[in-house]
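One letter stands for each residue in the lines below.
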Amino acid sequence: MDSPFHELREILELQRETVHLLHRILKHLHPVFTLHINQSGADMAAITAGQSGSFFLTATASDNSTVSLASPTLTADDTNVSIAPDTTDPAGLTFTVTVPASDTATTFNLSATAQATSNTSTTPQEVTATLAVTISPASVPVTFTLAINEK
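Residues numbered from 1 in each chain as written. Predicted model: local features only at pLDDT ≥ 70, side-chain atom pairs only at ≥ 80, totals over all residues. Heavy atoms only, no water.

Q: Describe the overall build of the chain, and please don't skip the residues or the numbers.
A: The helix and strand tally for the chain stands at one helix and eight strands. The helix and strand sequence of the chain, counted from the amino end, reads α-β-β-β-β-β-β-β-β. The C-alpha radius of gyration computed for the chain amounts to 27 Å, which surpasses the reference 15 Å derived for 151 residues by more than 25%, pointing to a less compact arrangement than a globule. A principal-axis box enclosing the C-alpha atoms of the chain has dimensions of 125 × 35 × 25 Å. Looking at the chain residue by residue over its 151 residues, the buried ones come to 24%. Partitioning the contacts of the chain with sequence separation of at least 6, the portion at a separation of at least 24 is 61%. With an accessible surface of roughly 10,800 Å², the chain has 56% of that area assigned to carbon and sulfur atoms. Across the chain, the mean location of the 5 positive side-chain charges is 12 Å away from that of the 14 negative side-chain charges. (Helix = DSSP H or I, 4+ residues; strand = E, 2+ residues; numbered from the N terminus. Rg over C-alpha atoms; globule rule 2.2 N^0.38 Å. Buried < 20%, exposed > 50% of the residue type's maximum accessible area, 1.4 Å probe, protein only. Contact = heavy atoms within 4.5 Å. Areas by Shrake-Rupley, 256 points an atom, 1.4 Å probe, with all protein chains shown as cover. Lys, Arg positive; Asp, Glu negative; His and termini not counted. Charge placed at Lys NZ, Arg CZ, Asp CG, Glu CD.)

In C-alpha coordinates:
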(Lines give C-alpha, C1' and ligand atoms only; values in the text may rest on other atoms or scores of the structure.)
Protein backbone atom coordinates (compact mmCIF):
# COMPACT_ATOMS: atom_id res chain seq x y z
CA MET A 1 0.00 0.00 0.00
CA ASP A 2 1.29 3.45 -0.99
CA SER A 3 1.90 5.98 1.71
CA PRO A 4 0.35 9.46 1.52
CA PHE A 5 3.85 10.86 1.05
CA HIS A 6 4.44 8.68 -1.98
CA GLU A 7 1.14 9.83 -3.54
CA LEU A 8 2.01 13.47 -2.81
CA ARG A 9 5.40 13.02 -4.47
CA GLU A 10 3.71 11.59 -7.60
CA ILE A 11 1.28 14.52 -7.71
CA LEU A 12 4.13 17.03 -7.41
CA GLU A 13 6.08 15.27 -10.16
CA LEU A 14 3.03 15.39 -12.46
CA GLN A 15 2.63 19.10 -11.74
CA ARG A 16 6.30 19.70 -12.52
CA GLU A 17 5.97 17.85 -15.83
CA THR A 18 2.84 19.85 -16.67
CA VAL A 19 4.60 23.15 -15.98
CA HIS A 20 7.57 22.05 -18.10
CA LEU A 21 5.25 21.14 -20.97
CA LEU A 22 3.41 24.47 -20.70
CA HIS A 23 6.73 26.34 -20.86
CA ARG A 24 7.66 24.45 -24.02
CA ILE A 25 4.29 25.32 -25.60
CA LEU A 26 4.49 28.98 -24.59
CA LYS A 27 7.94 29.28 -26.21
CA HIS A 28 6.29 28.69 -29.57
CA LEU A 29 3.45 31.16 -29.07
CA HIS A 30 3.92 34.76 -30.14
CA PRO A 31 2.53 37.72 -28.26
CA VAL A 32 -0.23 39.75 -29.86
CA PHE A 33 0.84 43.33 -30.49
CA THR A 34 -1.49 46.35 -30.41
CA LEU A 35 -0.47 49.59 -32.12
CA HIS A 36 -1.57 52.93 -30.67
CA ILE A 37 -1.68 56.40 -32.30
CA ASN A 38 -1.31 59.14 -29.70
CA GLN A 39 -1.48 62.92 -30.02
CA SER A 40 1.12 64.84 -28.04
CA GLY A 41 -0.37 66.94 -25.27
CA ALA A 42 -4.01 66.18 -26.07
CA ASP A 43 -6.75 64.10 -24.50
CA MET A 44 -8.83 64.10 -27.68
CA ALA A 45 -7.39 63.87 -31.19
CA ALA A 46 -8.09 67.25 -32.79
CA ILE A 47 -6.38 69.80 -35.00
CA THR A 48 -7.59 73.30 -35.82
CA ALA A 49 -7.69 73.98 -39.58
CA GLY A 50 -4.60 75.95 -40.51
CA GLN A 51 -2.49 74.32 -37.79
CA SER A 52 -0.47 71.17 -37.07
CA GLY A 53 -0.54 68.43 -34.48
CA SER A 54 2.13 66.01 -33.31
CA PHE A 55 1.26 62.30 -33.26
CA PHE A 56 3.40 59.39 -32.08
CA LEU A 57 3.14 55.61 -32.27
CA THR A 58 3.44 53.18 -29.38
CA ALA A 59 2.66 49.49 -29.05
CA THR A 60 1.81 47.01 -26.33
CA ALA A 61 2.18 43.23 -26.24
CA SER A 62 -0.24 40.68 -24.82
CA ASP A 63 2.59 39.20 -22.75
CA ASN A 64 3.68 42.62 -21.40
CA SER A 65 7.04 42.31 -23.13
CA THR A 66 8.98 45.33 -24.39
CA VAL A 67 7.89 46.17 -27.95
CA SER A 68 10.03 47.70 -30.71
CA LEU A 69 8.50 49.23 -33.83
CA ALA A 70 10.14 49.48 -37.25
CA SER A 71 9.14 50.89 -40.66
CA PRO A 72 6.29 53.07 -39.35
CA THR A 73 4.00 54.85 -41.79
CA LEU A 74 1.13 57.24 -41.18
CA THR A 75 -1.52 58.13 -43.75
CA ALA A 76 -4.71 60.21 -43.75
CA ASP A 77 -7.93 59.62 -45.67
CA ASP A 78 -8.27 63.40 -46.20
CA THR A 79 -6.08 64.27 -49.20
CA ASN A 80 -5.73 67.87 -47.96
CA VAL A 81 -3.90 66.73 -44.82
CA SER A 82 -0.11 66.51 -45.02
CA ILE A 83 2.05 64.24 -42.88
CA ALA A 84 5.78 64.53 -42.29
CA PRO A 85 8.11 62.58 -40.01
CA ASP A 86 9.38 64.57 -37.02
CA THR A 87 13.13 64.75 -37.65
CA THR A 88 13.83 65.34 -33.94
CA ASP A 89 12.59 61.82 -33.07
CA PRO A 90 15.51 59.40 -33.62
CA ALA A 91 13.14 56.41 -33.39
CA GLY A 92 11.05 57.77 -36.29
CA LEU A 93 7.77 57.18 -34.43
CA THR A 94 6.60 60.83 -34.29
CA PHE A 95 4.84 62.65 -37.12
CA THR A 96 3.64 66.21 -37.73
CA VAL A 97 0.15 66.30 -39.22
CA THR A 98 -0.94 69.58 -40.84
CA VAL A 99 -4.49 70.56 -41.79
CA PRO A 100 -4.68 73.50 -44.21
CA ALA A 101 -6.94 76.43 -43.30
CA SER A 102 -8.94 75.78 -46.48
CA ASP A 103 -9.93 72.24 -45.38
CA THR A 104 -13.72 72.06 -44.95
CA ALA A 105 -13.85 68.52 -43.55
CA THR A 106 -14.85 68.04 -39.92
CA THR A 107 -12.89 64.81 -39.33
CA PHE A 108 -10.35 62.53 -40.95
CA ASN A 109 -8.84 59.14 -40.13
CA LEU A 110 -5.16 58.64 -39.44
CA SER A 111 -4.00 55.10 -40.22
CA ALA A 112 -0.68 53.71 -39.08
CA THR A 113 1.27 50.56 -39.90
CA ALA A 114 4.54 49.26 -38.47
CA GLN A 115 6.49 46.07 -37.92
CA ALA A 116 6.47 45.01 -34.25
CA THR A 117 8.92 42.76 -32.43
CA SER A 118 9.62 42.23 -28.75
CA ASN A 119 12.17 40.76 -26.40
CA THR A 120 10.03 37.57 -26.36
CA SER A 121 9.28 37.43 -30.12
CA THR A 122 11.80 38.55 -32.71
CA THR A 123 9.57 37.50 -35.61
CA PRO A 124 8.18 40.77 -37.03
CA GLN A 125 4.42 41.16 -37.07
CA GLU A 126 2.65 43.87 -39.06
CA VAL A 127 0.42 45.96 -36.81
CA THR A 128 -2.12 48.59 -37.81
CA ALA A 129 -4.22 51.23 -36.06
CA THR A 130 -6.67 53.95 -37.03
CA LEU A 131 -7.53 57.12 -35.13
CA ALA A 132 -10.38 59.54 -35.91
CA VAL A 133 -9.17 63.14 -35.72
CA THR A 134 -11.55 66.09 -35.36
CA ILE A 135 -10.88 69.20 -37.42
CA SER A 136 -11.86 72.36 -35.57
CA PRO A 137 -12.74 75.26 -37.87
CA ALA A 138 -10.12 77.93 -38.30
CA SER A 139 -10.89 80.93 -36.19
CA VAL A 140 -11.98 83.87 -38.28
CA PRO A 141 -10.28 87.04 -37.14
CA VAL A 142 -12.68 89.73 -36.06
CA THR A 143 -12.04 92.99 -37.83
CA PHE A 144 -13.07 96.31 -36.41
CA THR A 145 -13.63 99.46 -38.35
CA LEU A 146 -13.11 102.78 -36.72
CA ALA A 147 -14.95 105.70 -38.16
CA ILE A 148 -14.25 109.23 -37.10
CA ASN A 149 -17.18 111.50 -37.67
CA GLU A 150 -17.41 115.21 -37.25
CA LYS A 151 -20.27 116.68 -35.25
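Q: A description of the sheet that holds strand β4 (residues 67-76) should follow, citing residues and the corresponding values.
A: The strand order β2-β8-β7-β4 describes an open sheet built from four strands, whose pairing is mixed. Whereas interior strands pair on both sides, the edge strands pair on one side only; in this sheet they are β2 (46-48) and β4. Each strand axis lies, on average, 30° off the axis of its neighbour in the sheet, ignoring direction. Summarising the sheet, β2 and strand β8 (residues 125-136) pair through three bridges and their orientation is parallel. In the sheet register, Ala-46 faces β8, and the bridge partner there is Thr-134. (Pairing = 2+ DSSP bridges. Axes fitted to C-alpha atoms, helices over the stretch in contact; angles between N-to-C directions.)

Q: Report on the pairing of strand β1 (residues 33-39), specifying residues and quantitative values.
A: For a regular strand, the rule is simple: side chains alternate between the two faces of the sheet. By the alternation rule, side chains of β1 split into Phe-33, Leu-35, Ile-37 and Gln-39, which are all buried, and Thr-34, His-36 and Asn-38, of which none is buried. Where β1 lies against strand β3 (residues 52-61), seven bridges are found, and the strand directions are antiparallel. Looking across to β3, one finds that Gln-39 is bridged to Phe-55.

Q: Got a sec to walk through unusual backbone geometry? Specific residues and values, please.
A: Phi is positive for Asn-64, which is not a glycine, with a value near 60°. Looking at the secondary structure, you find Asn-64 in the loop between β3 and β4.

Q: I'd like a rundown of the environment of Val-133, residues and numbers included.
A: Considering the arrangement of structural elements, one finds Val-133 in strand β8. You can call Val-133 buried: its relative accessible area is 1%. Ignoring anything within four residues of it in the chain, the contact list for Val-133 reads Ala-45, Ala-46, Ile-47, Phe-55, Thr-106, Thr-107, Phe-108 and Leu-110.

Q: Before we move on, could you go through the pattern of salt bridges and cite the residues and values that matter?
A: Tallied over the full model, the rule gives one salt bridge. As a salt-bridge pair, Glu-13 and Arg-16 come within 3.7 Å of each other at their nearest N and O atoms. Remark: Arg-16 and Glu-13 occur in helix α1 (residues 4-27); sequence separation between them is three residues, near one turn of the helix. Among the residues examined, Arg-16 registers a relative accessible area of 53% and is labelled exposed. (Salt bridge = Lys/Arg side-chain N within 4 Å of Asp/Glu carboxyl O.)

Q: Can you tell me about the nonpolar core, naming the residues and giving the values?
A: Core analysis: the largest hydrophobic core is formed by 25 residues, its most contacted members being Phe-55, Leu-57, Leu-74 and Phe-108. With five residues, strand β7 (residues 107-118) is the largest single contributor of residues to this core. Each residue touching Leu-74, except ones within four places of it in the same chain, is listed here: Ile-37, Phe-55, Leu-57, Ile-83, Phe-95, Val-97, Leu-110, Ser-111 and Ala-112. (Core = buried A, V, L, I, M, F, W, Y, C linked by side-chain atoms within 4.5 Å.)

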